[in-house]
Amino acid sequence: MGKIWVRFIYLQANRATQILRLHTDLDKGQSAVKYTLSGEGAGTIFTIDQITGDIHALRSLDREEKPYYTLRAQAVNIETNRPLEPESEFVIKVQDINDNEPKFLEGPYTASVPEMSPVGTYVMKVMATDADDPTYGNSARVVYSILHGQPYFSVDPKTGVIRTALPNMDREMKELYQVLIQAKDMGGQLGGLAGTTTINITLSDVNDNPPRFSKSEPLYNSVGSAIGRIKAHDLDTGKNAEVEYNIVPGDGGAMFDITTNEHNQEGIIMLKKPLDYETKKAYTFKVEASNAHLDPRFHNFGPFKDTATVKINVLDVDEPPVFSKPSYAMDVYEDTPQGTIIGAVTAQDLDAGNSPVRYSIDWKSDLDSFFDIDPVRGTISTNELLDRESIAQHNISVVATKVNNPVLTSRVAVTVHVLDINEFPPELAMPYETFVCESAKVGQVIQVISARDQDLPQAGQRFSFKSPQEGVKTKNFTIRDFGNNTAGVVTLRGGFKRRSQEIYHLPVLIEDGGLQTLSSTSTLTIRVCGCDTDGSLLTCSAEAIFLHVGLSTGALIAILVCIVILLVIVVLYVGVRRQKKKETLMTSKEDIRDNVIHYDDEGGGEEDTHAFDMGTLRNPKVIKENLFRRDVKPELGLCPRRPIASQNSADISNFINQRLQEHDGDTSAPPYDSLATYAYEGEGSVAESLSSIESVKGETEEDYDYLNEWGPRFKTLDMDVVVPRRTCIDLYLL
């Protein structure tokens, strides 16, 4: 069978990590097939699960140690070990990661280039090797750069070819240059690995100088050193020959001084201040010599002193270039595009030769290469995007080098201030806890607010405050801008009550004063609180609203206990009253008064035939004797009254039907079952009058006809009927 190529990154894998799975069509999932593995690293580096076919790595792999492994796998019968299919061969290729830095295997290097060579002259080529896989990603793509050696040499970032960058380099001025080259993988991107090497470049000599007579050079040129000698000869001997030297006040008195050598009586001219050829090229002054010990006898011979004129020529020496300023300060806005010129430095050679000057940035002061400089014009430009929040100030060092004498260099400090741009909106200076008193007046300032901004504060910057609802009629609060970067929350009404509303939310729009105005909206939470008469905060909690009346917590608890006791007494009293009402029901035989017994049991509707005997309503004459109610347990000793049927049941039936129709058609009647009492006075009763007036024997009969004159309400009631609406009950004639 053909090879199966498998790519897998496995450089930092843990032990027993699964890398792939083998499977055969003969495996039906019944554990009848097992897999075997052989080849490079089988059993030591790779292992296989015989049942599932999963291949695991037993240790970490290194592509640089071995880039690929050839393995063979086969599916066999788990019981007989007979092959089920031919052996398959596959290759596990270890995929590369960037774990090797570029290396200069032949460094350090030595090279030579003729002096006075033009710009771009080939010096040599360096090459760095990277052990990572060059065919995968950028792990082995190397970019070259020069870290030290500018502005004399340059390097091609792709090929590593080193060339001269300055013209007319003179071997007599400087012969040896040391260049530091860096090779960085990942195409020079951030996170790549780097390696460095050193190249020692020597300028070889060419015949560029004719023969000349050498000029005398000053032996001493430092302050306090002797620059010349003068001697006045005296024919005397001993102490009479001792001479004193003095400089006559004038041109050279401030720059030079003279002393006497006691051994040979020479006058030694000393330098008091440094000389500058570019300022003054020559000095002329007079020196006076006189005897220290005078004899008065010979005063008439004339003055015992002599004068000589001394001329000192200042010789020019090579000095480093001089910058026009002792230091430079430049400003640049953050996020300025790459390549923008932000300023320039200027240096010149004040010597007679007036050598050209070349500029470079000391790489140690700008490790991240934020800036670049033009070597001829001295203009400084940005090389990366700057961020004030990361680095607000860059301090770099610019080097000026004389072309005629590269050994002579001077440095100047350049400070680059990264100016802020308005990129952050303002916000409240702090989370305010604002409250308004219930007794607040209209127009009262209840809170003073201020703002802050993460941008760099600038002169004249200010914040303005307003309500985003300006122009919309509001009734509670508003924002008043004081014009000094603060604002106040002002009430538009009074009479705030915690019971009505405890919390108000007030949006505040804040704008900054940048060139591009930014704004943000914050929300103030205003709580309604109780305050003293002088406006001091007492409490803002809702549960403490009633505490200001003077009641303590204990008093409130006592009041609540009393209320509970009163409620219990009322409940008990109502229960006793209900119990007494039940006991006053006229159920005793001994009560001789006329009674109308109302059955308070409400029936279940027209279909309810269990609560009452319906036969009484149908035919009063067939009422059974001793018939008890089915829904009430009869009491012992009490016998129900025997109902007496009316002799004209048709009359009663018509009356009841008429009254039922009236109630059914009444729209004001409730929809539920209710009791309706039909006070029907019949034509007569077989039981005659049930009045208790005639039940008393032995008393004189009294005429009650006068009751008829009192009206229908005082006539003898023959029968009361109590019928629940839409419910049939037993009808008893009393």
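Parameters and conventions
Residues numbered from 1 in each chain as written. Predicted model: local features only at pLDDT ≥ 70, side-chain atom pairs only at ≥ 80, totals over all residues. Heavy atoms only, no water. UniProt positions renumbered as here; feature names shortened; annotations may be inferred. Pairing = 2+ DSSP bridges. Helix = DSSP H or I, 4+ residues; strand = E, 2+ residues; numbered from the N terminus. Disulfide = S-S within 2.5 Å. Buried < 20%, exposed > 50% of the residue type's maximum accessible area, 1.4 Å probe, protein only. Core = buried A, V, L, I, M, F, W, Y, C linked by side-chain atoms within 4.5 Å. Contact = heavy atoms within 4.5 Å. Axes fitted to C-alpha atoms, helices over the stretch in contact; angles between N-to-C directions.

The protein chain is annotated in an unreviewed UniProt entry as Cadherin-12-like of Sinocyclocheilus rhinocerous. Looking at the Subcellular location (unreviewed entry) heading of the UniProt record, one finds this comment for the protein chain: "Cell membrane". The record held by UniProt for the protein chain lists under Function (unreviewed entry) the comment "Cadherins are calcium-dependent cell adhesion proteins."

Enquirer: Please give an account of the sheet that holds strand β32 (residues 445-452) that cites residues and values.
Expert: Taking strand neighbours across the sheet as the criterion, the four strands line up as β30-β32-β35-β34 in an open arrangement whose pairing is antiparallel. Each edge of the sheet is formed by a strand with only one pairing partner; in this case those strands are β30 (427-428) and β34 (477-481). Sheet topology places β34 next to strand β35 (residues 486-491); five bridges connect them, and they run antiparallel. Pairing of Asp-481 across the sheet is with Ala-487, part of β35.

Enquirer: Tell me about the state of the cysteines, residues and numbers included.
Expert: Any covalent bond linking the sulfur atoms of two cysteines counts as a disulfide. If you walk through the whole model with that rule in mind, you get one disulfide. Between Cys-437 and Cys-531 runs a disulfide, and the two sulfur atoms are separated by 2.0 Å. Across the S-S bond linking Cys-437 and Cys-531, the dihedral sits near -85°, which makes this disulfide left-handed. Of this pair, Cys-437 sits in strand β31 (residues 434-437) while Cys-531 sits in strand β37 (residues 519-531), and the two are 94 residues apart along the sequence. Overall, the relative accessible area of 8% leaves Cys-437 in the buried class.

Enquirer: Lay out the nonpolar core in plain terms, naming residues and giving numbers.
Expert: If you look at the biggest cluster of nonpolar residues, it comprises 24 residues, and the most contacted ones within it are Val-126, Tyr-144, Phe-153, Ile-162, Ile-181, Ile-199 and Ile-201. Every element with two or more residues in this core is listed here: β8 (109-114), β9 (122-125), β10 (143-148), β11 (153-155), β13 (176-184) and β14 (194-204). With four residues, the top contributor of residues to this core is β13. In this structure Ile-162 touches Thr-121, Tyr-122, Val-123, Met-124, Val-126, Phe-153, Ser-154, Val-155, Ile-181, Ile-199 and Ile-201, once residues within four positions along its chain are discounted.

Enquirer: Before we move on, could you go through the sheet that holds β9 and cite the residues and values that matter?
Expert: Picture the strands of a sheet paired through backbone hydrogen bonds; they go either parallel or antiparallel. The antiparallel open sheet is built from three strands, whose spatial order is β9-β12-β11. Of all strands in the sheet, those bounded by a partner on one side alone are β9 and β11. Here the strands of the sheet are splayed against their neighbours by 20° on average, with no regard to which way each runs.

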